[in-house]
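# Observations on chain architecture
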Amino acid sequence: MSDPTSIDFRRPERSGEGPRACVVIAVLDEAENVAAVCEETLREMERAGAFEIVFVDDGSSDATPDILQDIAAKDPRVRVVRHDRRCGKSQAVRSGVLAARAPWIATMDGDGQNDPADLPDMLEKAWAAEGEAPLVAGTRVRRNDPVSRLVATRIANGFRAAVLGDHCPDTGCGVKVFPREAFLLLPCFEGMHRFLPALFQRYGHPLINHPVRHRARHAGQSKYTNIGRAFVGIFDTMGVIWLVRRTKAPGRIQERRP
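All figures in this text were calculated on a predicted structure; none of them were measured in a lab. (Residues numbered from 1 in each chain as written. Predicted model: local features only at pLDDT ≥ 70, side-chain atom pairs only at ≥ 80, totals over all residues. Heavy atoms only, no water.)

## Details of the sheet that holds strand β6 (residues 135–140)
Here we have seven strands laid out as an open sheet, ordered β4-β3-β2-β5-β7-β6-β8, and mixed in their pairing. Unpaired on one side and paired on the other, β4 (78–82) and β8 (207–212) mark the two borders of the sheet. Taken over all neighbouring pairs, the strand axes of this sheet differ in orientation by 25° on average, direction set aside. For strand β3 (residues 51–57) and β4, the ladder comprises five bridges, and the chain directions are parallel. Following the sheet pairing, Ile-53 is matched in β4 by Val-78. With respect to the sheet, helix α3 (residues 89–99) is in contact with β2 (21–27), β3, β4, β5 (104–109) and β7 (176–179), its orientation differing from that of β2 by roughly 150°. Lying over the sheet, helix α4 (residues 118–128) contacts β2, β5, β6, β7 and β8, oriented at roughly 160° with respect to β8. (Pairing = 2+ DSSP bridges. Helix = DSSP H or I, 4+ residues; strand = E, 2+ residues; numbered from the N terminus. Axes fitted to C-alpha atoms, helices over the stretch in contact; angles between N-to-C directions. Contact = heavy atoms within 4.5 Å.)

## Things to note about the packing of aromatic side chains
In total, this model carries two aromatic pairs according to the counting rule given. Here Phe-178 and Phe-183 contribute two aromatic rings whose centre-to-centre distance is 5.0 Å and whose plane-to-plane angle is 20°, an arrangement assigned as stacked. Note on Phe-178: relative accessible area 0%, which makes it buried. Aromatic pair Phe-178 and Phe-200: ring centres 5.6 Å apart, planes at 40°, arrangement tilted. With a gap of 22 residues between them, Phe-178 in strand β7 and Phe-200 in helix α7 (residues 196–202) connect regions that are remote in the sequence. In this structure, Phe-178 and Phe-200 share a single accessibility class: buried. An aromatic cluster is present here, built from Phe-178, Phe-183 and Phe-200 joined pairwise through their rings. Looking at Arg-20, its charged tip hangs above the ring of Trp-127, at a distance of 3.7 Å from the centre. (Phe/Tyr/Trp six-rings, centres within 6.5 Å; stacked < 30°, edge-to-face > 60°. Buried < 20%, exposed > 50% of the residue type's maximum accessible area, 1.4 Å probe, protein only. Lys NZ or Arg CZ within 6 Å of the ring centre and 35° of its normal.)

As structure tokens, then:
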């Protein structure tokens, strides 16, 4: 008789060497912001135990990579990955997750609008969850954005929620926590970072919505336009509908051992 043993893709052991969590921050031409974002993240993540930060520079043309390299040279907890050309935020996040040495990933934006003080609480909520390892998604309760962007985001979130039924009120929020191995099993395409709740749930991982703070930009300008987001979001949503319907994931995987 063979012995069926479940392969556990839930939470890895907390003990052992190395970081427990990795903060992945994708950046593009954020020379005015990255130093302050890094300093604040280092300070706030002390509450989470051993951690690392992986900055992914998505082909910046300003001083962003030089500033990050100087920081990393002084603090071994900070690492820098750089694309040779712009590939988009989703690929930048994936590059950071691939480079991460920790079993748990926390993501945030590099413009200073996200508050890294939210990350330790979100990680603790993920680690305390029972059953399958969850995706903890940040929900911005009070956004500091222009009215035009707030309106566009509300329309986009409403459309996604209506057609995908992902039960996430703010899929565009960059603050999320999830298990590394589960993320790497997901299909990668540009825009996937906005659909992680639907994708994770399709693969059997529960969703936890967590309120997070949102602030005005430290400096610089957004790399996206409201119209551009809207058109891309509609086409991406259609693609994700097809992808979710065509995905059949097992609820449990077992290996039979002699």
